[in-house]
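Listed below, chain by chain, are the residues.
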Amino acid sequence: LKLCKYCLSGHPTLPCNVLKFKSTTIMLDCGLDMTSTLNFLPLPLVQSPRLSNLPGWSLKDGSAFLDKELKECSGHVFVDSVPEFCLPETELIDLSTVDVILISNYHCMMALPYITEHTGFTGTVYATEPTVQIGRLLMEELVNFIERVPKAQSASLWKNKDIQRLLPSPLKDAVEVSTWRRCYTMQEVNSALSKIQLVGYSQKIELFGAVQVTPLSSGYALGSSNWIIQSHYEKVSYVSGSSLLTTHPQPMDQASLKNSDVLILTGLTQIPTANPDGMVGEFCSNLALTVRNGGNVLVPCYPSGVIYDLLECLYQYIDSAGLSNIPFYFISPVANSSLEFSQIFAEWLCHNKQTKVYLPEPPFPHAELIQTNKLKHYPSLHGDFSSDFRQPCVVFTGHPSLRFGDVVHFMELWGKSSLNTVIFTEPDFSYLEALAPYQPLAMKCIYCPIDTRLNFIQVSKLLKEVQPLHVVCPEQYTQPPPAQSHRMDLMIDCQPPAMSYRRAEVLALPFKRRYEKIEIMPELADALVPMEIKPGISLATVSAVLHTKDNKHVLQPPPRPAQPSGGKKRKRASEDIPDCKVLKPLLSGSIPVEQFVQTLEKHGFSDIKVEDTAKGHIVLLQEAETLIQIEEDSTHIICDNDEMLRVRLRDLVLKFLQKF
Amino acid sequence: MDPECSQLLPALCAVLADPRQPMADDTCLEKLLDWFKTITEAGSSLLLLQENPCLVELLCHVLKPQDLSSRVLSFSLRLTGVFAAQEDCFQYLQQGELLPRLFGEAGPLGGAAWTAPTVRSGWIQGLRSLAQHPSALHFLADCGAVDTIFSLQGDSSLFVASAAGQLLVHILSLSMRGLAEGPPGLQADDWPPCAQKIVGHIEESLRSTATPQITQALNVLTTTFSHCHDPWTQVLWVRLHPLVAALLEKDPVPAAHSLVDLLLSVARSPGLSSSSCGLWETLAQTVSHLSPTQAGLLALGILKLQDCPQALRAQAFAVLLQPLACVLKATAQGPGPSGLLDSTAADSVTADMLPPSKAACVGLLCRTLAHLELLLPLPQRPCPWPQVPLLGAAVTLLQLCGGSGSPASDAGRQLCALLLGCVRVQRAALDFLGTLSQETGPPELVTQVFAVLLEYLRSPDSSPTVLKKAFQATFRWLLSSPRTPGCSDLDSDAVLFLRELLPVLQKRLCSPCWEVRDSSLEFLTQMTRRWGGQAGFRHALLASEVPRLTEQLLRDPESYVRASAVTAMGQLSSQGLCVPSAGPEHPGGQQKSLLGELLHILSADSEGFPRRAVMQVFTQWLRDSHADVVGDTEQFVAGVLQVAGQDLDWEVRAQGLELALVFLEQTLGLSRSHCPYAVTPPVAAPAGPLTQALQSLCRVRLFEFAFRALFDCDRPVAQKSCDLLLLLRAKTASSSSLQEPRSSPDVASVEAALQRWRAGDQAQPLGDLEPEVVLAVLRSMDLEGLRGALAESSDHVEKSPQSLLQDMLATVGIRGENEADCY
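Cut-offs used in this document
Residues numbered from 1 in each chain as written. Chains lettered and ligands numbered in written order. Predicted model: local features only at pLDDT ≥ 70, side-chain atom pairs only at ≥ 80, totals over all residues. Heavy atoms only, no water. UniProt positions renumbered as here; feature names shortened; annotations may be inferred. Pairing = 2+ DSSP bridges. Helix = DSSP H or I, 4+ residues; strand = E, 2+ residues; numbered from the N terminus. Phe/Tyr/Trp six-rings, centres within 6.5 Å; stacked < 30°, edge-to-face > 60°. Buried < 20%, exposed > 50% of the residue type's maximum accessible area, 1.4 Å probe, protein only. Core = buried A, V, L, I, M, F, W, Y, C linked by side-chain atoms within 4.5 Å. Contact = heavy atoms within 4.5 Å.

- Chain B is annotated in an unreviewed UniProt entry as BRCA1 associated ATM activator 1 of Neovison vison.
- Under the UniProt heading Sequence similarities (unreviewed entry), the entry covering chain B gives this text: "Belongs to the BRAT1 family."
- UniProt's Subcellular location (unreviewed entry) comment on chain B is quoted here verbatim: "Cytoplasm".

- With an unreviewed UniProt entry as reference, chain A is termed Integrator complex subunit 9, source organism Neovison vison.

Here it is as structure tokens:
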């Protein structure tokens, strides 16, 4: 039996893999690659004359039939349409055969509605409660961002292969554009989320009796998990988005990953050269610098995750930096829920924060920031926000791609002044590409990506610690990043070398299953007569019927043979039911050659000669012209047509062996 | 010994001899011993013992089997040594068989007390003291002490072991001193028996296979050659040299560190003519035999020697440079020599000569950099100095550690992985780079230096200590950047660099880490002090946000940062580089003057550092006639003195006196030049009549401040005030116009008030003072006497031997009383 892995996503931090293991088909994560949206024009919340007046793009030969679909801004070409996402591969494997989907963290479930609603999927999705709740928030925010700016136009002409070839980069190089899809609806989100079954850390979930799956804390985000997929004799660990840093979530459970046959490793840090501590310092310094000079700070971010840690750092920093009077705004359709959810998932938090639950203070200090009016949150920039709005200020808002959400408005509003700063902290999007449709831009741009996921030094320590037999990882991790080819430290270094995979590839995992657990029915077990062949080891022969159902194997007593009535019938019956044939006894033990020769001599054989061979011995009875070949697992008596002699010798041989 | 002490001594000896009254504090015993040493150095020990029989009784008493504390036993051994250092006293003690009983096998040596390290140590120190004359040598030989000392070299207590080694050296030197007819020959028979025994033991140890024994022998020899420079040491070296050289044939070389120490001490010894003893050959051999980690220190030592063959120096320098040559080789873009080593040596260098483990490699590189840094300022440093490749190596190391290096070879990539983010190497390399700024380099390399410094200053991953060192190195390189000698201005490249540097500084001033903010401010202060008057610098600084951010840091929550911000603002303001702030903190546009803000810090800051910094700034401002001060100097001084006088921090008060002194000098028209050779201006500006000057001093209440300080409970403040008043008195003594009778009622009331102040009641102010009254009070005060009293250390009364003896008896007495209470 082989173990197969189908890779449906080429993005190492937004994975989507399918594992076929012991007749179960398990999907590991369904991440949605949103970098495709960078090819689209931003969706402004408020009518933007600049964006609507961008010139249409025409081909080199002057033909302008694409000018409705494609717009040009500072030398870059963008699709003027509702943004679309690049889905996981749907052709590689029939997704309706997927039995279960295991989710490791809320960032890795954004493609879930596409899979559960449009592929005939009928299985179950497993995820922890915070993952589901915060994942829902992320999806809700995404749907909200896109639906509240309805766009009549949907461009499709440019996707034509012959036309795409003529487009400038990066549109020309975009992969699988034909499969790009528009965002799902809230209805689809709800339907998808209803298929999720909640699990807790270390909970063991049986899948069809064949496989057991267990989520373990991965230390990266609230409720984020790694998964153990195991049978009685095989163990596959799926490590996706883990962190060893002390941030808000429960620390990573490393010990349970030990003794894995295969460890699938995805979701490492996207910015291995940036140390999160240094970046947080950089974030604070630049924020203070801007505000002190009277400028505003814009932080494009997701509504959950790193923002909790940033708010905590700022909580400690703002007083010391003399920023107590500066308002902090958090604008997201789910801002309120996100801030409140974070406070109620006590059991999923790090120890330090868990203990706060027993004190009269909330685990995260952002509650205090809200109480003291230093942090204010709004569902949108329409409404209360516009009356409270005071500058200079700091605004946290989405979406980090700068293509939709309230951030688009602030980019348009503040982009013209060099006093203002946009600070990128989310590592998912290239900040230069994100900024492309806003050029020319006077505003300062600071890139301090904060990615707390494992870096390569931590990975090599982890692998030394848990010692898996084989490591499987995306191909990006097996070589240094292209821009830093000399950095041999920025790749996975393990023995044996890690197996790599890429999008739309099927990988046979490098181990074979050898054993299967079988149960014996009690009455059958009672009937066994074990014989001790060595101290501590007993053997018994079993005659039984192997019954296999729901991946469980059971030995049952054989059906009783029909009562024998005559010789002929009996013979036929024994042919029909071979199980019931009276078996010759099994033999065990070894033949000590010297004693055997002595016995032969005692029984009148003389002129015995012993020769050593590679596998054992040959005993030559020269007078009888007979040869006894003794090997470890076989004994042959070769004599010419003297059956009597053969039987005599055979009996002598058998004396040395045990029978049962 | 004075009679009072003689009277106390018997009681003290009785206490010491009484095991039921243990000495709680053995510093008393040390003081007692010191006292006896001073007495015996000044007079006859024999007389002392004869006049005070209780001392011999004590020494006899400790020999009786009893539970005497090991401290008292150790003390007695050392005391005996002190007495027996004089030969007649030695004979006296010898007659009473006291010495063999104390130091021989019958003494503590065999007993249970010997297990205490302090007793063994006392035994050694006692012998060390008494071994001053030929009789002592005979005694040592007779009582078999030398063998015991040999065994004590391996003692479990490091102090004892080290003292044993030193004692051996002392005995060896003493016995060789006895030789009348010049240095001995190489033959063993020529040597005095005691010396022969010790040298024989050393020879035996050097032949041993046990490293600890070899180490002991080498350490004894090292001490010998560094302390004795008599001609016999040369014979000793000639005799032992083959054995030392034989150590080099072992692999690995045993006790390499001690061997290096020995060779260097021999090489430095003026008693040896190095050339004749094969020393240079041995050194050359050692340098080539030792591993790079061990050879570095030896190479440095060789290069520091004054008269050393050129070839050996070259060899040593090559060894020292080798790790850096490896780094350059590993990261070289193409083949070709790096220039650090000559071509033959360079060919043999490979990148894998660096230790493969991170700890060892980092240690080696850090040591190498530190050694080279020590070497650079020395006059005997190697010439030509490979400035260019060294600069290249420092830059390369910093690039590798910072992740910006892009080595082409596998070895380079491995090195990169090893050094990446290594703070130790970063610090060492930045220090070294800073030191290299004493010399210059080719422009393209200097550009690289500034680039790598900027990279470190920018990098979010630079740790605070690394950043501080990067700031220091940057300042040193900026200092060295003018190419036209004599011109202190920044050159155009440096100004361009400054344009890139200031945004980084801005960001660092906002760092969440206070150490970073602090070192950024210090850097800014240094830069402003140096180039504040230079147009390029001024222009760049004023175009940036740095002055405004600095001003905001006056309100930093961290006191060190506030102090540094005060200093920086003071400097900026002196240079006219302060910008009126209009930040969000002052929304109304109303802003305090810097003077007001600093006065506020002086009177309200809860921490001492910012207040001290303010006082320093004010003093400097007064000295420089700062615009804010010149307007109304008297009001300024009066205000500052009033606040400073009430400060709880004595340093602030002392700095207040410094400011008062500056004002006084300015008012009296004194030119202040501490340097006797300084060119004084031809005529000090006349400062108006003395009376006017004194009136000005009275108006700012300088005298009230100074008198209060005179009775300050912190001695430095009182001393400073005393000096100030003495100066004033001296300057006014010549003036006859102000002579007034002493007995005016005003004078009397001031004197009465001062009496009360002296007694500790400083509540009542002095009120307005007239110059005449002040002068009269000054003349009547015994300021010289006060200065003398203040110059004595605070424990001068308690330091007398009599007081020591009384204290020791008193503590025991109290113990006795407590004991009685218990019954």
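**Section: the pairing of strand 31 (residues 608-612) of chain A**
- Pairing geometry for strand 31 of chain A and strand 32 (residues 616-621) of chain A, over 5 bridges, is antiparallel. Counterpart to E611 of chain A in the pairing with strand 32 of chain A is I618 of chain A.

**Some thoughts on the packing of aromatic side chains**
All names here are of chain A.
- Inspection of the entire model under this criterion finds 34 aromatic pairs over all chains.
- Where F145 meets F404, the ring centres are 6.4 Å apart and the plane angle is 45°; that geometry is what we call tilted. Here F145 is found in helix 3 (residues 129-147), whereas its partner F404 is found in the loop between strand 19 (394-397) and helix 12 (407-414), with 259 residues between them in sequence. By the burial criterion, F145 is buried, and F404 matches it.
- Both rings, one in Y431 and one in Y447, keep their centres 4.5 Å apart while their planes meet at 15°; by these two values the pair is stacked. Here Y447 lies in strand 21 (residues 444-447) and Y431 lies in helix 13 (residues 431-435), a separation of 16 residues in the sequence.
- Y431 sits in the partly exposed class, given a relative accessible area of 24%.
- Residue classification places Y447 among the partly exposed residues on the basis of a relative accessible area of 28%.

**Brief notes about the UniProt feature "domain: Beta-Casp" (unreviewed entry) in chain A**
- Under the local residue numbering, the UniProt record ascribes the feature "domain: Beta-Casp" (unreviewed entry) to residues 307-435 of chain A.
- Annotated as 42% helix and 12% strand, the span residues 307-435 of chain A places its first and last C-alpha atoms 21 Å apart.

**Brief notes about the nonpolar core**
- In terms of nonpolar packing, the biggest core is built from 394 residues, with F396 of chain A together with F707 of chain B touching the most fellow members.
- With 12 residues, helix 18 (residues 310-331) of chain B is the largest single contributor of residues to this core.
- For F396 of chain A, the residues in contact, after removing those within four places along its chain, are F283, V299, C301, I307, L310, L311, L314, F328, Y329, F330 and I331 of chain A.
- Counting residues in hydrophobic clusters, the runner-up holds 26 residues, among them C7, L28, V472 and L509 of chain A.

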